[in-house]
Amino acid sequence: MEDQQKLNSLVNEINVYKQQSELIQQQIELIQTSIAEVDALTNTINDLDGKDSVEAFVPVGAGSFIKGELKDTDEIIVSIGAGIAVKKDAAGALEIITGQKKDLQDNLDKMLANLQQVTNIVGSLTAQVEQIQAAAQGNVTGM
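From a predicted model like this one, the values you see are computed outputs, not experimental measurements.

Q: Please set out the overall build of the chain residue by residue, giving values where relevant.
A: The number of helices and strands found in the chain is two helices and four strands. Mapped in sequence order, the helices and strands of the chain form the string α-β-β-β-β-α. A globule of 143 residues ought to have a C-alpha radius of gyration of about 15 Å, yet the chain, at 26 Å, is considerably larger. C-alpha atoms of the chain, sized along the principal axes, occupy 85 × 30 × 25 Å. Within the chain, the fraction of its 143 residues that count as buried is 22%. Long-range contacts, defined here as pairs at least 24 residues apart, represent 51% of the contacts in the chain between residues at least 6 apart. For the chain, the accessible area works out to roughly 10300 Å², and carbon and sulfur atoms hold 52% of it.

Q: Kindly report on the pairing of strand S1 (residues 53-61), identifying the contributing residues and their values.
A: Of the strand pairs in this sheet, S1 and strand S2 (residues 64-71) are connected by eight bridges, and their pairing is antiparallel. In the sheet register, Pro-59 faces S2, and the bridge partner there is Phe-65. In this structure, the hairpin formed by S1 and S2 is closed by a connection of two residues, where Ala-62 is found at a positive phi of approximately 55 degrees.

Q: Can you lay out the pattern of salt bridges for me, pointing to particular residues and giving the numbers?
A: A complete count under the given rule lists three salt bridges for this structure. A salt bridge links Lys-101 to Asp-39, with the nearest nitrogen and oxygen atoms 2.7 Å apart. Of this pair, Lys-101 sits in helix H2 (residues 90-142) while Asp-39 sits in helix H1 (residues 2-48), and the two are 62 residues apart along the sequence. We classify Lys-101 as partly exposed; its relative accessible area is 30%. Relative accessible area serves as the criterion here: at 28%, Asp-39 is assigned to the partly exposed category.

Q: So, the environment of Gln-100: which residues are in play, and what are the values?
A: Examined against the element boundaries, Gln-100 turns out to sit in helix H2. We classify Gln-100 as partly exposed; its relative accessible area is 26%. Residues Gln-100 and Asn-8, 92 residues apart in the sequence, show an inter-C-alpha distance of 44 Å. Apart from residues lying up to four places away in sequence, Gln-100 is in contact with Ser-79 and Ile-80.

Thresholds, definitions, all that
- Residues numbered from 1 in each chain as written.
- Predicted model: local features only at pLDDT ≥ 70, side-chain atom pairs only at ≥ 80, totals over all residues.
- Heavy atoms only, no water.
- Helix = DSSP H or I, 4+ residues; strand = E, 2+ residues; numbered from the N terminus.
- Rg over C-alpha atoms; globule rule 2.2 N^0.38 Å.
- Buried < 20%, exposed > 50% of the residue type's maximum accessible area, 1.4 Å probe, protein only.
- Contact = heavy atoms within 4.5 Å.
- Areas by Shrake-Rupley, 256 points an atom, 1.4 Å probe, with all protein chains shown as cover.
- Pairing = 2+ DSSP bridges.
- Salt bridge = Lys/Arg side-chain N within 4 Å of Asp/Glu carboxyl O.

Everything listed here is a matter of geometry and, on its own, says nothing about what the molecule does.
Okay, here's the thing in structure tokens:
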């Protein structure tokens, strides 16, 4: 009976770690999406560099766009977090964006390490469950 309680406890613990793993995977996906957005922004700023004006589709809401002309492409308003944005030239904007990407990459690396740690724990607990089940099965067949 003691083995059954231990088995139930381990199974519950595995389920908790699996849920934690799923949350970490969701966070990893969000960070990867943010990194892709930062990369796209970097490419756009580099493409605009040196151009006085550029034709572009401007979002107007609900997935709709209007063709427009971007003027003064040497001034960029960049979000620096906490709802604050600053006006920068292309080089200044790229500097901020590069820092943001580094922070995102650091967070991604931490999340990947956390995921690996949780995966290792689940593997260890699963091995314990299998060991208890094998011992219980040995007791049943040995009777």
